[in-house]
Amino acid sequence: MALAQRSTLKNAAAQRTRSAAAPRVAFSSPVVAQLRQAAQSLRAAQQPAAERNVKAQAAAVEATEAKPAVYNKSQFELYTLTTWLLQEERKGKIDSELATVISSISLACKQIAAAVGRSGISSLTGVAGTGENVQGEEQKKLDVISNDIFCNCLRMSGRTGVIASEEEATPVAVEETDSGNYIVVFDPLDGSSNIDAGISVGSIFGIYEPSETCVVDGDLDQSLEACITNVCQPGKNLLVAGYCLYSSCHTMVLTIGDGVYGFTLDPYVGEFVLTHNRIQVPEVGKIYSFNEGNYAMWDEPTRKYMDSLKEPSKWGGKPYSARYIGSLVGDFHRTLLYGGIYGYPGDAKNKNGKLRLLYECAPMSFIAEQAGGMGSTGKERVLDIQPTEVHQRVPLMIGSKKEVEYYESFYKN
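The text that follows walks through the structure, step by step, so that each part is easy to find.

What counts and what doesn't
- Residues numbered from 1 in each chain as written.
- Predicted model: local features only at pLDDT ≥ 70, side-chain atom pairs only at ≥ 80, totals over all residues.
- Heavy atoms only, no water.
- Phe/Tyr/Trp six-rings, centres within 6.5 Å; stacked < 30°, edge-to-face > 60°.
- Helix = DSSP H or I, 4+ residues; strand = E, 2+ residues; numbered from the N terminus.
- Buried < 20%, exposed > 50% of the residue type's maximum accessible area, 1.4 Å probe, protein only.
- Core = buried A, V, L, I, M, F, W, Y, C linked by side-chain atoms within 4.5 Å.
- Contact = heavy atoms within 4.5 Å.
- Expected span 1.5 Å × (residues − 1).
- Patch = residues over 30% accessible without salt bridge, like charges linked within 9 Å, V, L, I, M, F, W, Y side chains within 5 Å.
- Areas by Shrake-Rupley, 256 points an atom, 1.4 Å probe, with all protein chains shown as cover.
- Salt bridge = Lys/Arg side-chain N within 4 Å of Asp/Glu carboxyl O.
- Pairing = 2+ DSSP bridges.
- Axes fitted to C-alpha atoms, helices over the stretch in contact; angles between N-to-C directions.

Some thoughts on the packing of aromatic side chains
Given two aromatic rings, their pairing is described by the distance between the two centres and the angle made by the two planes.
Point 1. Per the stated rule, a full pass over the model turns up 16 aromatic pairs.
Point 2. Measuring from ring centre to ring centre gives 5.5 Å for W84 and F263, while their planes differ by 65 degrees; the resulting arrangement is edge-to-face. Within this pair, whereas W84 is found in helix α4 (residues 81-90), its partner F263 is found in strand β9 (residues 260-266), the two being separated by 179 residues in sequence.
Point 3. Residue W84 is classed as buried on the basis of its relative accessible area, which comes to 3%.
Point 4. F263 gets classed as buried once you look at its relative accessible area, which sits at 0%.
Point 5. With a centroid separation of 6.0 Å and 75 degrees between ring planes, the pair formed by F290 and W298 is classed as edge-to-face. Exposure class is identical for F290 and W298. Each is buried.
Point 6. A network of ring pairs unites the aromatic residues Y288, F290, Y295, W298, Y305, W315, Y320, Y406, Y407, F410 and Y411 as a single cluster.

Shown next, in the form of structure tokens:
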């Protein structure tokens, strides 16, 4: 009994000793908050890496959806004529047959550009020695070469039914066609009188709907008559119009009835590259392009118009500027970009001027209107004229809308 009491007293003494050595501490509220925050940080640090990666990826996806990625164009990216044609075909604005015809014309332009560029060192200057063409003009060597290039490229496309050229007396039915049967009219080398001086020249073309009646079969005379009837369409029926300018750079300007586009030939890759997107001619422009050597032979309204352009007091002290190359393509291209007016009116010697309706005036007027400009004879819209013959001539005033309307006002008054 005594031993049991001594053991109990010893245990109580030991417990009192431990309590004295480790007294209890009461924590205040701020201290508790800090401890909890430290515990949360520790748990986050111990979170599995895979779970943290999943959350990071989810946050990145949300950020991407909130802000779309920006496309950075490569310095090596080229938007070529071929690419543009494929895009327009995808949109349903042209079909593959028409795209093939346009591609064949672009090939012809490349070949002609090369011939023009080396004409001086390849003996391609001067007259061809073949006499006068149907227009009564002496043919240059490059006139003949350019016509052959155009005809060959269109034939090889297999999509052209009939072609009409400035250098051919009558339209030519194409026997090599597989399908399409499009009608193509063209001036293979406009301004060729300037070629020996190295001045800008160009090609002009237009494409009309396929013809089912112009087929070389049976009576050749009847076939030819049917071809001429289908070729002689008003310009408002054009599907495509364009021109190629051969100059310090070679530029192809084209419309398919939905705006005007310019493509510049890149000599390094041999492709026409889009450089002028949806060209718009300025509504006004104080530049005129007329052959004033014919002034004395013009009619009175045209002379009065020309005199008014030179009157400083009428234009705020500064009259219009004259710029005249003598090449329709060169003069029109400048007018298209800078604004103003190009004109070749009739005169005492040539009542209807010297420009041909079918393959010069109509295609250029179609381009002008698609760019917000205007094409007129001075009395009527060029695109409304129904041709009566393949090589019919008409006066032409073309360029900025306000400038052409101003010219027309002299005939209305």
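The discussion continues.
Topic: the nonpolar core
Point 1. Counting 42 residues, the largest nonpolar core has I105, I207 and Y246 as its most contacted members.
Point 2. Broken down by secondary-structure element, the contributors of at least two residues to this core are α4, α5 (96-117), α6 (141-157), β5 (182-190), β6 (201-208), β7 (240-246), β8 (250-255) and β9.
Point 3. If we ignore the near neighbours within four places in the chain, the residues touching I105 are F150, L154, V184, F205, I207 and M252.
Point 4. Formed by 40 residues, the second largest nonpolar core is a distinct cluster that contains V281, V329, F332 and V390.

Comments concerning α6
Point 1. With 17 residues, α6 extends 25 Å between its outermost C-alpha atoms, agreeing within 8% with the 24 Å of an ideal straight helix rising 1.5 Å per residue.
Point 2. Of the positions making up α6, those classed as buried are L142, D143, S146, N147, I149, F150, C151, C153, L154 and S157.
Point 3. Next to the buried residues of α6 lie α5, β2 (138-140), β3 (160-165), β5 and β6.

Thoughts on a nonpolar patch on the surface
Point 1. On the surface, L78, Y268 and V269 cluster together into a nonpolar patch covering about 370 Å² of accessible area.
Point 2. With respect to the helices and strands, the residue Y268 is situated in the loop between β9 and β10 (271-276).
Point 3. For Y268, a relative accessible area of 80% translates into the label exposed.

So, the sheet that holds strand β13 (residues 341-344)
Two modes of strand pairing occur in sheets, parallel and antiparallel, and in both the strands are linked by backbone hydrogen bonds.
Point 1. A sheet is described by the order of its strands in space; here five strands give the open sequence β12-β11-β13-β15-β14, paired in mixed fashion. What marks the edges here is a single partner per strand, and that holds for β12 (321-322) and β14 (374-376).
Point 2. When strand β11 (residues 287-289) meets β12, the two strands line up parallel, connected through two bridges. Looking at the pairing, I287 lines up with S321 of β12.
Point 3. Packing of helix α10 (residues 357-370) onto the sheet brings it into contact with β14 and β15 (396-399), and relative to β15 it is tilted by some 30 degrees.
Point 4. Together, β13, β14 and β15 form the strand contacts of helix α11 (residues 401-412), whose direction differs from that of β14 by roughly 25 degrees.

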